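Notes for the structure review
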Amino acid sequence: EVQLVESGGGLVQAGGSLRLSCVASGFTFDDYAIGWFRQAPGKEREGVSCITTSDGSTYYANSVKGRFTISKDNAKNTVYLQMNSLKPEDTAVYFCAAGLLRLWVLWADLAEYDYWGQGTQVTVSS
C-alpha cells in the first residue's frame, strides 16, 4: 500500500517557522519526485515546491522562494519542507505528493502526481 504521511503543521505567528515532514512508504522512494502543495480556504490547490530524485534539483513557487526550503533524506524515505518567515497568506492545508515526473516544467501540475498524503494544517496568525 502506498502511503504518504505529512506532519509538522501547526499554529504559528507571522514571521515564525515550521518544518513539515512527509514520510513515504509502499513505493520505490528513490524513483519519485516529491512535491509539496497547499490549499487555502476558498482557493485551488497549488504547487509550493518539488525535489527530484536523481540530482536533488529543487523547484519553488514564486510566492515562497527565498523563504521555504525543500530537502529529503533517502535513507528515511522522508521529504522536508522548512518554512521560514511565514506569512498569514501561507495558511493552508499542506500536502505532499509523489510522481514520476519527466517534464520538470510541469512540477506544479497536480496531474503529474500519482500519490497524495492527507495533508497537515498550517495556520499563520497576524
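Residues numbered from 1 in each chain as written. Predicted model: local features only at pLDDT ≥ 70, side-chain atom pairs only at ≥ 80, totals over all residues. Heavy atoms only, no water.

**A few points about the overall build of the protein**
The line we're drawing: Here a strand is any run of E in DSSP of at least two residues, a helix any run of H or I of at least four, and the numbering for each starts at the N terminus. Based on C-alpha atoms, the radius of gyration is set beside the globule rule, defined as 2.2 Å times the residue count to the power 0.38. Burial classification: accessible surface area is computed with a 1.4 Å probe over protein chains only, and a residue below 20% of its type maximum counts as buried, one above 50% as exposed, and the rest as partly exposed. In what follows, a contact means two residues having at least one pair of non-hydrogen atoms within 4.5 Å. Per-residue and other accessible areas follow the Shrake-Rupley method at a 1.4 Å probe size, with only the shown protein chains counted as cover for residues.
Along the backbone of the protein there are 0 helices and 11 strands. For the protein, the α and β elements follow one another from N to C terminus as β-β-β-β-β-β-β-β-β-β-β. Here the protein has a C-alpha radius of gyration of 13 Å; the compact-globule value for 126 residues is 14 Å, and the two agree. Along the three orthogonal principal directions, the C-alpha set of the protein runs to about 40 × 25 × 25 Å. Taken across its 126 residues, the protein has 41% of its residues classed as buried. Within the protein, contacts between residues separated by at least 24 positions form 59% of all contacts whose residues are at least 6 apart in sequence. As displayed, the protein has an accessible area near 6400 Å², and 46% of this comes from carbon and sulfur atoms.

**Side note on the sheet that holds strand β7 (residues 68–73)**
In plain terms, the rule: In this description, strands pair whenever DSSP reports at least two bridges between them. Angles shown run from 0 to 180 degrees and are taken between the N-to-C directions of axes, each axis being a line fitted to C-alpha atoms and, for helices, limited to the stretch in contact.
The antiparallel open sheet is built from 4 strands, whose spatial order is β1-β3-β8-β7. Looking at the sheet topology across the chains shown, the edges are occupied by β1 (3–7) and β7. Across this sheet, the average inter-strand angle for adjacent strands is 15°, counted without regard to direction.

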